[in-house]
Amino acid sequence: MDLIQHPRYIDETKCIACGACEEKCPKKVIDPYNIGLAKRKSIYVEYAQAVPLKYAIDPESCIMLKKGKCGACQKLCPVDAIDFDQKETSVKLEVGAVILAPGFKPFDPKRFDNYQYAKLPNVVTSMEFERLLSASGPTQGHISRKSKDHGDPKKIAWLQCVGSRDMNRCDNPYCSSVCCMYALKEAVIAKEHAGDDLECAIFFMDMRTHGKDFERYYDAAREKHGIRFERTKVHTINPAANDNLEMRYIKESGESISEIFDMVVLSVGLEANPAVTDLAKKINIDLTDNQFCNTNSFSPVATSRPGIFVCGAFQGPKDIPQSVVDSSAAAAAAGEILSTARNSLTKVEEKIPEKNISGERPRVGVFVCKCGINIAGVVDVPAVAEYATTLPYVEYAADNLYSCSQDTQKTMAELVKEKNLNRVVVAACTPKTHEPLFQETLTSAGLNKYLFEMANIRNHDSWVHKNNPDLATEKAKDLVRAAVSKAVLAEPLKESELTVNQTALVIGGGISGMAAAQSLALQGYKTHIVERDDQLGGQARNILQTAKGENVSENLQAMTAGIESNSNITIHLNTTIDDVQGFVGNFKSKINENGSEKSLEHGVAIIATGGHALVPEEYLYGQDPRIMTSLELDRKMINNDPDVAKAQTAVFIQCVGSREPNRPYCSRVCCTHTVDSALELKKRKPEMSVFVLYRDIRTYGERELLYREAREAGVIFIRFGLENKPQVNLEKKQLCITLTDHILNRPVRIETDLLTLASSILPARDEKLAVFFKVPVNEDGFYIERHAKLGPSEFATDGVFLCGLAHYPKPIDESIAQGKAAASRAITLLARETIFTSGQVAETNPAMCSQCGVCVSLCPYSAPDFIPGDARMNAGKAQINPVLCKGCGLCVASCRSGAIHLKGFDNDQIFAQIFAINMVN
Amino acid sequence: MTDWEPKIVSFLCNWCSYGAADLAGVSRMQYPANIRVVRIPCTGRMSPKFALAALREGADAVWVSG
């Protein structure tokens, strides 16, 4: 691979992001990160959370780079990091796989003259609104208008599908998938910020809240937050008095309305970035008609070119959880082809023997950092260092220009040895970024790394109290005193070592479990699949084709053959799990295979227990053979059933059991599946009349194209509301459906030969399994993942992973991606034969434990449990598994007997800090 | 009383509010110097005893954020 690295004009190894350059840079430019709502300097950090936190110079605006004059930053930089001579460099890399994650470009609505975005200041895009809502944005989270008054808006409208689902004014026929949900979120947050006086209205075509827990959010937005929803497409925005906006639209009832808003947010869609389209051409990978990366449902992260994988919105518009799933899946796919190279480039760290300090009196070394002028410009650093020498147990204190520089690190390590220090306090920046670095210094000096404490006198002091040097100096002394008091009580902590059994257990042999097992096996790990049924495939066996038209049974057969022939995989059919013991790295499961008991040892477990279709209890289901569920229709189509062939009319009813008060979630797949089935019927018999009765059509992403195709093929879509559901009757053997047409607003009667009910997807609901693995289940029966956005394929409990319908309803491509993602996450453990856990964990004192069980029931990571009643020591008392403990301290604060201690943050340490903060002055 | 400023002890979760306080610094937001931060690993670690101790030691207010 040939890469081009653009110059940053900053030596990253030197820059300490002190910000002196930015302060003096004379050139102000529009800040693209804040979508032009703010200005930044020509030398900049893109945003406060940027990693690495290093400056860069914008060559398009820098006076020095443009005209050869200025160089103010170079003169000022205290570490000499500015380098105007940096040139573009080319980098050659030899790699075995490439993962493309170039993202998307927000749609630019300037070209829509009817919305006048370019002319009217108070018409903003959703991206701009995001910046306005952000606490780190240009208004620090205060919503103000862009017009000169900068007033607080009292009435805001969101316009959906701007640049999506639109072939008329732009060429984006697809749905952007995420805009309905982000508009809801923006409206809810706006109301939370501005209070009840703010009126919010969302103008939409179909509300697409098809993600996990999204429908509940929609319900709450409407019912709890009072957000108004108008199902209409606004055709014009005109200027009104006081920079307000007049919106014209037609209400559902047909009434023409003109309404004034203070602000209008255009919910812009996601587009492929033209630069990425060029790249795709250059590297020769196939794109869809809409310039998204073309993939196959059965290899959802593979591009058309072997070895190149894709994740995120370049594959199609998608939200964060799906992007995260894809990214893990892409990592797994790359791992599958690179497994032979695993560990071939790893280096072994040199181990320095640790000094035993037990019984020693604390001897604290305090290093106070100037951070150039960052701290020293405000805080009197020498005075703080001087003050530190007066504190109890402090053996040595000094100031440094830059504590994090390599030579200071070396000096610190030498001083630790020379002065025989056994505790170190660094007063500098934040432990969030620098604690690991200083801990390494301790390790190199032979001290346990937990004998360290930081005082944050930069981010929490000098930077935020610039105009009060005296108070800032006092505060710095306070913080140093608190840190020393805590450090004195620090003990060397041991990190437990855990051996990981290199075997995986996949529970469920449906398509996502199969994908997980296949990926694990291809990466070289022994894998067991446990399947309750007598064959693999799960629900996929009932499905005719994917939304992309791929035949499911053929692909499933190929997948099954691949699994059966892989010697790393053992398949256990007709098998249930009777018991699970152990924890991450060392599970022992008892299985019952065809009636015989077996025991499996494994290091990780993937729960892929799937789901099934609801058996409908309405619309006369079960009373007539012509009434069936979506999967039953698929089965008939797979079998070329004559009933389907001879039907003249077919009707589909959507949301059967979904989005109802007792099951308030969207089953995600039914709209696309129905549209696909309707098209298939039309394809088989073009003269057939096909009706789809729906509430919102949720063909997200490029699935929208199927919806368009169906309408073009003559499928008739009629919308109904929850309060006005279709009536199904049998009149003298004639199947009749009556409902009110949403456009004509008149009753319609359809006589049909087939009625397909798009019944909701229910999770397998295995309470026993949830208890075995100590993992939570939500009120709908789906498992609760570690993090809804960032940890969709794993549990908070270490070593247990999740994929497929057990997580949430999803189509085949997403199930396979999540299967691979779960495998990828599992391999982060399996790839290491031993794991060292943190030393900052909780520990019980069995003598004080009253066995109340609060810690056992409270811990989100399932770390505490009871010592078995027949144990020789401390029977029945609680104990905490240090391997599972994340050191949050929830159990410590909740323990009524005071029996639990959190190492590193123990009660005496926190009290010492509180006592050391001198509040009486 | 007009010059009176409360002395505040805050207990901030390492993973969110402590990081936010760091970012306030990166963004050079200015605020009064009468606040002292105690970093805790999670607000789950917070015990009522800590709040009482801070108040007993002279704090006018205790702020727990996480």
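Residues numbered from 1 in each chain as written. Chains lettered and ligands numbered in written order. Predicted model: local features only at pLDDT ≥ 70, side-chain atom pairs only at ≥ 80, totals over all residues.

## A few points about the overall build of chain B
At step 1: Looking only at helices and strands, one finds two helices and three strands in chain B.
At step 2: Sequence-ordered secondary structure for chain B, helices as α and strands as β, is β-α-β-α-β.
At step 3: Here chain B holds 66 residues, and the buried ones make up 42% of them.
At step 4: Residue pairs in contact within chain B that sit at least 24 positions apart in sequence constitute 81% of those at least 6 positions apart. (Helix = DSSP H or I, 4+ residues; strand = E, 2+ residues; numbered from the N terminus. Buried ≥ 20, exposed ≤ 12 C-beta atoms within 10 Å, placed from the backbone. Contact = placed C-beta atoms within 7 Å.)

## Description of the overall build of chain A
At step 1: Regarding its fold elements, chain A presents 24 helices and 46 strands.
At step 2: Radius of gyration (C-alpha) of chain A: 31 Å, near the 29 Å computed for a compact globule of 921 residues.
At step 3: The principal-axis extent of the C-alpha atoms belonging to chain A is close to 100 × 80 × 55 Å.
At step 4: In chain A, buried positions account for 48% of the 921 residues. (Rg over C-alpha atoms; globule rule 2.2 N^0.38 Å.)

## A word on the sheet that holds strand β10 (residues 155-162) of chain A
Strand pairing in a sheet relies on backbone hydrogen bonds. The paired strands run either parallel or antiparallel.
Residue and element names in this part refer to chain A.
At step 1: Pairing within the open sheet is parallel, and its five strands lie in the order β9-β16-β10-β11-β12. Whereas interior strands pair on both sides, the edge strands pair on one side only; in this sheet they are β9 (123-125) and β12 (228-231). Averaged over all pairs of adjacent strands, the angle between strand axes in this sheet comes to 25°, irrespective of strand direction.
At step 2: Judged from the four bridges that link them, strand β11 (residues 199-204) and β12 form a sheet pairing that is parallel. Counted as the bridge partner of Phe-203 is Glu-230 from β12.
At step 3: Lying on the sheet, helix α5 (residues 179-194) is in contact with β10, β11 and β16 (263-268); it crosses β10 at an angle near 170°. (Pairing = 2+ DSSP bridges. Axes fitted to C-alpha atoms, helices over the stretch in contact; angles between N-to-C directions.)

## Let's talk about the interface of chain B and chain A
At step 1: If you look at the interface, chain B gives 32 residues, while chain A gives 35 residues.
At step 2: Secondary-structure elements contributing two or more residues to the side of chain B that touches chain A are α1 (17-26), β2 (35-40) and α2 (48-56) of chain B.
At step 3: Residue contributions to the side of chain B that touches chain A peak at eight residues, all from α1 of chain B.
At step 4: Class assignment for the residues of the side of chain B that touches chain A results in 19 nonpolar, seven polar and six charged. (Nonpolar A, V, L, I, M, F, W, Y, C, P; charged D, E, K, R; others polar.)

## Topic: the pairing of strand β14 (residues 245-250) of chain A
Residue and element names in this part refer to chain A.
At step 1: Relative to β14, strand β13 (residues 236-239) runs antiparallel, the two sharing four bridges. Across the sheet, Thr-236 pairs through a bridge with Arg-248, a residue of β14.
At step 2: Between the antiparallel neighbours β13 and β14 lie five residues, among them Asn-242 with a positive phi of about 60°.
At step 3: Across six bridges, the pairing between β14 and strand β15 (residues 256-261) is antiparallel. Looking at the pairing, Leu-245 lines up with Phe-261 of β15.

## A few points about helix α15 (residues 552-564) of chain A
Residues and elements named next belong to chain A.
At step 1: In this model α15 runs 18 Å from its N-terminal to its C-terminal C-alpha over 13 residues, within 8% of the 18 Å that 1.5 Å per residue would give.
At step 2: Burial in α15 covers these residues: Val-552, Asn-555, Leu-556, Met-559 and Ile-563. One side of α15 holds all its buried residues, which, seen down the axis, span an arc of 100°. Residues of α15 that are exposed and angled more than 90 degrees away from the buried face: Glu-554, Gln-557, Ala-558, Ala-561 and Glu-564.
At step 3: For α15, the elements touching its buried residues are α14 (511-522), β26 (569-572) and α21 (812-830). (Expected span 1.5 Å × (residues − 1). Arc of directions from axis to C-beta.)

## Overview of the packing of helix α18 (residues 670-684) of chain A against helix α19 (residues 704-712) of chain A
Residue and element names in this part refer to chain A.
At step 1: Where α18 contacts α19, the axes come no closer than 9 Å and their chain directions differ by 35°. As for how α18 packs across α19, the hand of that crossing is left-handed. Two secondary-structure elements touch here, α18 through Thr-672, Val-675, Asp-676, Ala-678 and Leu-679 and α19 through Leu-706, Tyr-707, Glu-709 and Ala-710.
At step 2: Here the residues of the contact of α18 with α19 sort into six nonpolar, one polar and two charged. (Left-handed = near helix turned anticlockwise from the far one by under 90°.)

## Quick notes on the pairing of strand β22 (residues 452-456) of chain A
Residues and elements named next belong to chain A.
At step 1: Within β22, five of the five residues are buried, leaving the element largely enclosed by the surrounding structure.
At step 2: As defined by bridge partners, strand β21 (residues 423-428) adjoins β22 across five bridges and the pair is classed as parallel. Within β22, the position partnered with Val-426 by the bridge is Met-454.
At step 3: Read as a crossover between parallel neighbours, the route from β21 over helix α11 (residues 431-444) to β22 is right-handed. (Right-handed = clockwise from strand over helix to strand, strands pointing away.)

## Quick look at the sheet that holds strand β35 (residues 716-719) of chain A
Residue and element names in this part refer to chain A.
At step 1: Read across the open sheet, the five strands follow the order β32-β39-β33-β34-β35; overall the sheet is parallel. Two strands close off the open sheet at either side, each with one partner strand: β32 (627-629) and β35. Averaged over all pairs of adjacent strands, the angle between strand axes in this sheet comes to 20°, irrespective of strand direction.
At step 2: Here three bridges tie β32 to strand β39 (residues 754-759), and the two strands are oriented parallel to one another. Within β39, the residue paired with Ile-627 across the bridge is Leu-755.
At step 3: Lying on the sheet, helix α16 (residues 630-638) is in contact with β32 and β39; it crosses β32 at an angle near 100°.
At step 4: Where α18 meets the sheet, it contacts β33 (649-656), β34 (689-694) and β39, and its direction lies at approximately 175° from that of β33.

## Topic: the domain arrangement of chain A
All names here are of chain A.
At step 1: According to the domain assignment, chain A contains domain 1 (2-94), domain 2 (105-271), domain 3 (364-488), domain 4 (499-612 + 763-834), domain 5 (615-760) and domain 6 (837-916).
At step 2: Between the C-alpha centres of domain 1 and domain 3 there is a distance of 29 Å.
At step 3: Contact residues are listed per partner, giving five residues for domain 1 and five residues for domain 3. (Domains from an automatic or database assignment.)

## Some thoughts on the nonpolar core
All names here are of chain A.
At step 1: Ranked by size, the top nonpolar core spans 276 residues in total, and within it Val-366, Ala-427, Val-480 and Ile-606 carry the most contacts.
At step 2: With ten residues, the single largest contributor to this core is α21.
At step 3: If near-sequence neighbours (up to four positions away) are discounted, Val-366 is found in contact with Ala-385, Ala-388, Val-394, Ala-397, Val-425, Ala-427, Val-480 and Val-484. (Core = buried A, V, L, I, M, F, W, Y, C linked by C-beta atoms within 7 Å.)

## Quick look at the environment of Leu-401 of chain A
All names here are of chain A.
At step 1: Along the chain, Leu-401 falls in the loop between β20 (394-400) and α10 (406-418).
At step 2: You can call Leu-401 partly exposed: it has 16 C-beta atoms within 10 Å.
At step 3: Along the primary structure Leu-401 and Ile-285 are separated by 116 residues, whereas in three dimensions their C-alpha atoms are 52 Å apart.
At step 4: When near neighbours in sequence (up to four residues on either side) are disregarded, Leu-401 contacts Lys-370 and Gly-372.

## Focus on unusual backbone geometry
At step 1: Look at the link from Val-51 of chain A to Pro-52 of chain A: it is a cis peptide, with omega at -5°.
At step 2: By secondary structure assignment, the location of Pro-52 of chain A is in the loop between β4 (43-44) and β5 (56-57).
At step 3: Phi is positive for Arg-165 of chain A, which is not a glycine, with a value near 50°.
At step 4: Checked against the element boundaries, Arg-165 of chain A lands in the loop between β10 and α5.
At step 5: Even without being a glycine, Arg-28 of chain B presents a positive backbone phi close to 55°.
At step 6: Summarising the element assignment, Arg-28 of chain B is placed in the loop between α1 and β2.
At step 7: Accessibility expressed as a C-beta count within 10 Å gives 13 for Arg-28 of chain B, which makes it partly exposed.

## Brief notes about the environment of Lys-590 of chain A
All names here are of chain A.
At step 1: If you trace the backbone, Lys-590 turns up in strand β28 (residues 586-593).
At step 2: Given 15 C-beta atoms within a 10 Å radius, Lys-590 is considered partly exposed.
At step 3: Along the backbone, Lys-590 and Pro-78 are 512 residues apart, and their C-alpha atoms lie at a distance of 64 Å.

## Topic: α21 of chain A
At step 1: The end-to-end C-alpha distance of α21 of chain A, which contains 19 residues, comes to 26 Å, matching closely the 27 Å that a straight helix rising 1.5 Å per residue would cover.
At step 2: α21 of chain A sits mainly inside the fold: 18 of its 19 residues count as buried.

## As for the packing of α16 of chain A against α18 of chain A
Residue and element names in this part refer to chain A.
At step 1: Contact pair α16 / α18: the axes reach a minimum separation of 11 Å and the direction vectors enclose 30°. Relative to α18, the element α16 is oriented roughly parallel. Crossing handedness for the pair α16 and α18: left-handed. Counting all contacts with α16, which are made through Ser-630, Leu-633 and Met-637, the residues of α18 involved are Cys-670, His-673, Thr-674, Ser-677 and Glu-680.
At step 2: Residue classes in the contact of α16 with α18 are distributed as three nonpolar, four polar and one charged. (Parallel < 35°, antiparallel > 145°, perpendicular 65-115°, else oblique.)

## Here's the deal with the environment of Ser-815 of chain A
Residues and elements named next belong to chain A.
At step 1: With respect to the element layout, Ser-815 can be found in helix α21.
At step 2: What makes Ser-815 buried here is the crowd of 31 C-beta atoms within 10 Å.
At step 3: The contacts of Ser-815, once residues within four sequence positions are left out, are Ile-511, Ser-512, Gly-804, Leu-805 and Lys-810.

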